[in-house]
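Structure at a glance
Take a look at the letters that make up each chain.
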Amino acid sequence: PSDKVCLKDLFYVDWKGGFAGDWVEDTLVELENGVPDSSSKQCLMPGSVPESDIVHMYDIAGLKEYSERSIFALKLSLACMSFGHTASDTEDIVRRVCEAMSVPSVNLEIGMRSIQASFAGGPVHFLNVSRGINSDKLRATAKLAALMIRGCGQARSASEVLNRIFQQREPYGQGMQALAFQGLCTVAALAAFMGTY
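Right, let's walk through the structure included here. (Residues numbered from 1 in each chain as written. Predicted model: local features only at pLDDT ≥ 70, side-chain atom pairs only at ≥ 80, totals over all residues. Heavy atoms only, no water.)

Let's shift gears to the overall build of the protein. Assigned secondary structure in the protein consists of eight helices and three strands. Put simply, the protein runs from its N terminus to its C terminus through helices and strands in the order α-α-α-α-α-β-β-β-α-α-α. Seen through its C-alpha atoms, the protein measures out along the principal axes to roughly 60 × 45 × 30 Å. A total of 197 residues make up the protein; the buried ones form 40% of that total. Looking at the protein alone, contacts between residues at least 24 apart form 69% of all its contacts between residues at least 6 apart. (Helix = DSSP H or I, 4+ residues; strand = E, 2+ residues; numbered from the N terminus. Buried < 20%, exposed > 50% of the residue type's maximum accessible area, 1.4 Å probe, protein only. Contact = heavy atoms within 4.5 Å.)

Set out below in structure tokens:
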């Protein structure tokens, strides 16, 4: 029985999508009514800097009012890059979100593997990025960013929505990912050697 579970997980495909319909909007509205206080335990993304450390840095600098907005901007940067956005698009999106949240003095430089950011003249953050492609999570993250640009939420609740996006199960198993990668490499090799028509 355990072999069946393993194979089932390896070749799992979520055909509906984890964020189908108005999941992002509904979750943001739900969280606007009350966000659990978990910032002391949460990280910017799994395996990253604890949010409580960032809050402490802004508190020391006398900029506590910008800590939640800065945390959301950093999380959004990491999410966009981790799920497949380009560095230049991520910079544009995060700058527009910061402008909508009234965050002054946004200094943001995003490279292929790292993010350097400073908000409201506060501390400089250096973060490593793990690049990947996940269109389901990318679409949900882009939808959240669009809502924030339109002023449809607060940074704290939007940050919790990003936590839930990060924690959502991958839409496909590792076996499916390996098959898709093999197919892509095969087609890419044919295209490279055959030329274009």
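To continue, consider the sheet that holds strand E3 (residues 124-128). Ordered by their spatial adjacency, three strands build an open sheet running E1-E2-E3, and the pairing between neighbours is antiparallel. At either margin of the open sheet sits one strand with a lone partner, and together these are strand E1 (107-110) and E3. Adjacent strand axes in the sheet meet at a mean angle of 10 degrees when their direction is disregarded. As paired elements, E1 and strand E2 (residues 114-118) share four bridges and run antiparallel to each other. Looking at the pairing, Leu108 lines up with Ala117 of E2. Packed onto the sheet, helix H4 (residues 67-83) meets E1, E2 and E3 and runs at close to 25 degrees relative to E3. (Pairing = 2+ DSSP bridges. Axes fitted to C-alpha atoms, helices over the stretch in contact; angles between N-to-C directions.)

What follows is about unusual backbone geometry. Even without being glycine, Ser105 reaches a positive phi, approximately 50 degrees. Here the phi dihedral of Ala120 falls at roughly 55 degrees; this positive angle occurs in a residue that is not glycine. By relative accessible area, which is 13% here, Ala120 ends up buried.

Let us now look at the packing of aromatic side chains. Enumeration over the complete set of coordinates arrives at one aromatic pair. With 5.3 Å between their ring centres and 50 degrees between their planes, Phe83 and Phe166 make a pair best called tilted. Pair noted here: Phe83 is in helix H4 and Phe166 is in helix H7 (residues 155-167), with a separation of 83 residues, a long-range link. For Phe83, a relative accessible area of 6% corresponds to the buried category. (Phe/Tyr/Trp six-rings, centres within 6.5 Å; stacked < 30°, edge-to-face > 60°.)

Moving on, we come to the pairing of E3. Only one face of E3 is covered, namely the face carrying His125 and Leu127; the face carrying Val124, Phe126 and Asn128 is uncovered. Two strands pair when backbone bridges link them, and E2 and E3 are joined in this way by five bridges, in the antiparallel orientation. Considered in E3, the bridge of Gln116 is made with Phe126. Connecting the antiparallel pair E2 and E3 is a turn made up of five residues, with Ala120 showing a positive phi of about 55 degrees.

Treat this as a map of the structure, not an account of what it does.
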